[in-house]
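# Structure assessment
Spelled out, the chains give:
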Amino acid sequence: MTITARLLSFPAILFVIFGVAACTPEVGSEKWCQMMKDKPKGDWTANHAADFTRHCIFPNNDK
């Protein structure tokens with residue numbers, strides 16, 4: 001792969017990464033909680049489990 005091809009593919013790769021990240025709902029939102037309920041528990045990370053517990057099971061409603 002030539003240097004020009006690498007330089008031209010870099011912005012495309014960034015676009016795809018940020019495009020996918022922009023599609024996920026905000027952590028703690030109702031859509032995010034539902035998405036996590038539908039996701040197999042084996043695919044959760046420790047951070048997902050902690051966030052789910054914090055925001056979906058024991059939400060802090062005194063904002």
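Residues numbered from 1 in each chain as written. Predicted model: local features only at pLDDT ≥ 70, side-chain atom pairs only at ≥ 80, totals over all residues. Heavy atoms only, no water.

Quick look at the overall build of the protein chain now. Within the protein chain, the secondary structure is distributed over 3 helices and 0 strands. Going from N to C terminus, the protein chain has its helices and strands arranged as α-α-α. When the 63 residues of the protein chain are sorted by exposure, 10% land in the buried category. Counting every atom, the protein chain has about 5,400 Å² of accessible surface; 65% of that belongs to carbon and sulfur. (Helix = DSSP H or I, 4+ residues; strand = E, 2+ residues; numbered from the N terminus. Buried < 20%, exposed > 50% of the residue type's maximum accessible area, 1.4 Å probe, protein only. Areas by Shrake-Rupley, 256 points an atom, 1.4 Å probe, with all protein chains shown as cover.)

The subject of this paragraph is the side chain of Asp 51. Looking at the element boundaries, Asp 51 is found in helix 3 (residues 46-57). Taking relative accessible area as the criterion, Asp 51 reaches 18% and is therefore assigned buried. The contacts of Asp 51, once residues within four sequence positions are left out, are Val 27, Trp 32 and Cys 56. (Contact = heavy atoms within 4.5 Å.)

The next subject is the state of the cysteines. Under the counting rule described, the total for this entry stands at 1 disulfide. Each disulfide pairs two cysteine sulfurs, and for Cys 33 the partner residue is Cys 56, the sulfurs being separated by 1.9 Å. Linking Cys 33 and Cys 56, the disulfide has an S-S dihedral of approximately -85° and is accordingly described as left-handed. Of this pair, Cys 33 sits in helix 2 (residues 30-38) while Cys 56 sits in helix 3; the two residues are 23 residues apart in sequence, bridging distant segments of the chain. (Disulfide = S-S within 2.5 Å.)

Those residues of helix 2 not exposed but buried are Trp 32, Cys 33 and Met 36. Looking down the long axis of helix 2, one finds its buried residues gathered within 100° of arc, a one-sided arrangement. When the buried face of helix 2 is taken as reference, the exposed residues oriented beyond 90 degrees from it are Glu 30, Lys 31 and Asp 38. Elements in contact with the buried residues of helix 2: helix 3. (Arc of directions from axis to C-beta.)

Another point: the packing of aromatic side chains. How two aromatic rings sit relative to each other is given by the distance of their centres and the angle of their planes. Counted according to the given criterion, the structure contains 1 aromatic pair. Centroid distance Trp 44 to Phe 52: 5.0 Å. Interplanar angle 55°. Geometry classified as tilted. (Phe/Tyr/Trp six-rings, centres within 6.5 Å; stacked < 30°, edge-to-face > 60°.)

Below, the discussion takes up the environment of Val 27. Checked against the element boundaries, Val 27 lands in the loop between helix 1 (3-22) and helix 2. When the C-alpha atoms of Val 27 and His 55 are compared, they prove to be 7.9 Å apart, with 28 residues separating the residues in sequence. Filtering out sequence-adjacent residues up to four positions away, Val 27 remains in contact with Trp 32, Asp 51 and His 55.

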